[in-house]
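Here's the letter readout for the chains.
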Amino acid sequence: MRQVTCCRMCMVASVRLFSAYGFDFSISCAYQLGGKLFDSGYQSLMHNGSAASAGQNWHKDILNSWSESNKGSNIPRLNGNDTYANSASDRFLISSNYLDLTNITLGYTFPRRG
């Protein structure tokens, strides 16, 4: 996948959730909100079924392609002569939102002897 647009909000956060009796617990995470990615893997799996793509896998969404009995589909019909079936378009854009849990820490601080 390759990124098409920048994110609107990218953050790294570290939060201490608990600290008592010498124990502490914290979580660090990174996240992104907003933006889109171009999913080229999905694009290649949505090919038109031409002889040049014989033997290649299809994505399960191809079962919902346009047909006489499925006229409401946004997936083009299967036609080996259609060279634009999986051309780059906004239908291959997906959300780039994510939450990445980068670290969980549980610690204990020994009391000082003195």
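First things first, this report covers the structure right here in the doc. (Residues numbered from 1 in each chain as written. Predicted model: local features only at pLDDT ≥ 70, side-chain atom pairs only at ≥ 80, totals over all residues. Heavy atoms only, no water.)

For the rest of this paragraph, the subject is the pattern of salt bridges. Here the structure, examined in full by the defined rule, presents 1 salt bridge. Its salt-bridge partner being glutamate 68, residue lysine 71 comes within 3.6 Å of it at the nearest N-O pair. Judged on exposure class, the residue lysine 71 and its partner glutamate 68 are both exposed. (Salt bridge = Lys/Arg side-chain N within 4 Å of Asp/Glu carboxyl O. Buried < 20%, exposed > 50% of the residue type's maximum accessible area, 1.4 Å probe, protein only.)

What follows deals with the nonpolar core. Soluble globular proteins: nonpolar side chains tend toward being buried together. Within the largest apolar cluster, 6 residues are counted, these being Phe38, Tyr42, Met46, Ile62, Ile75 and Phe92. Every residue in contact with isoleucine 75, bar those within four places of it in the chain, is listed here: Met46, Asp61, Asn64, Ser65, Trp66 and Arg91. (Core = buried A, V, L, I, M, F, W, Y, C linked by side-chain atoms within 4.5 Å. Contact = heavy atoms within 4.5 Å.)

The next thing to look at is the environment of proline 76. Turning to its location among the elements, proline 76 is positioned in the loop between helix H1 (40–45) and strand E5 (93–95). Taking the C-alpha atoms as reference, proline 76 lies 9.9 Å from histidine 47; in sequence the two are 29 residues apart. Look past the residues within four positions of proline 76 in its chain and what remains in contact with it is Ser65, Trp66, Ala85 and Arg91. (Helix = DSSP H or I, 4+ residues; strand = E, 2+ residues; numbered from the N terminus.)

Our focus in this paragraph is unusual backbone geometry. Phi angles above zero are rare outside glycine, and tyrosine 21 is one such case at about 55°. Relative to the assigned elements, tyrosine 21 resides in the loop between strand E2 (9–20) and strand E3 (23–33). Tyrosine 21 gets classed as exposed once you look at its relative accessible area, which sits at 79%.

Attention now moves to the environment of glycine 22. Relative to the elements of secondary structure, glycine 22 occurs in the loop between E2 and E3. Judged by relative accessible area, glycine 22 falls into the partly exposed class, the value being 28%. Once the C-alpha coordinates of glycine 22 and proline 111 are considered, the two residues, 89 residues apart in sequence, prove to be 7.5 Å apart. Not counting residues up to four positions away in its chain, the partners in contact with glycine 22 are Gly107, Tyr108 and Thr109.

A separate point is a nonpolar patch on the surface. Together, Val15, Leu17, Phe18, Tyr21, Phe23, Leu106, Tyr108 and Phe110 line one region of the surface with nonpolar side chains, adding up to about 980 Å² of accessible area. Only E2 and strand E6 (98–108) provide two or more residues apiece to the nonpolar patch. Of the residues forming the nonpolar patch, the biggest block, 3 residues, is contributed by E2. Turning to its location among the elements, leucine 106 is positioned in strand E6. (Patch = residues over 30% accessible without salt bridge, like charges linked within 9 Å, V, L, I, M, F, W, Y side chains within 5 Å. Areas by Shrake-Rupley, 256 points an atom, 1.4 Å probe, with all protein chains shown as cover.)

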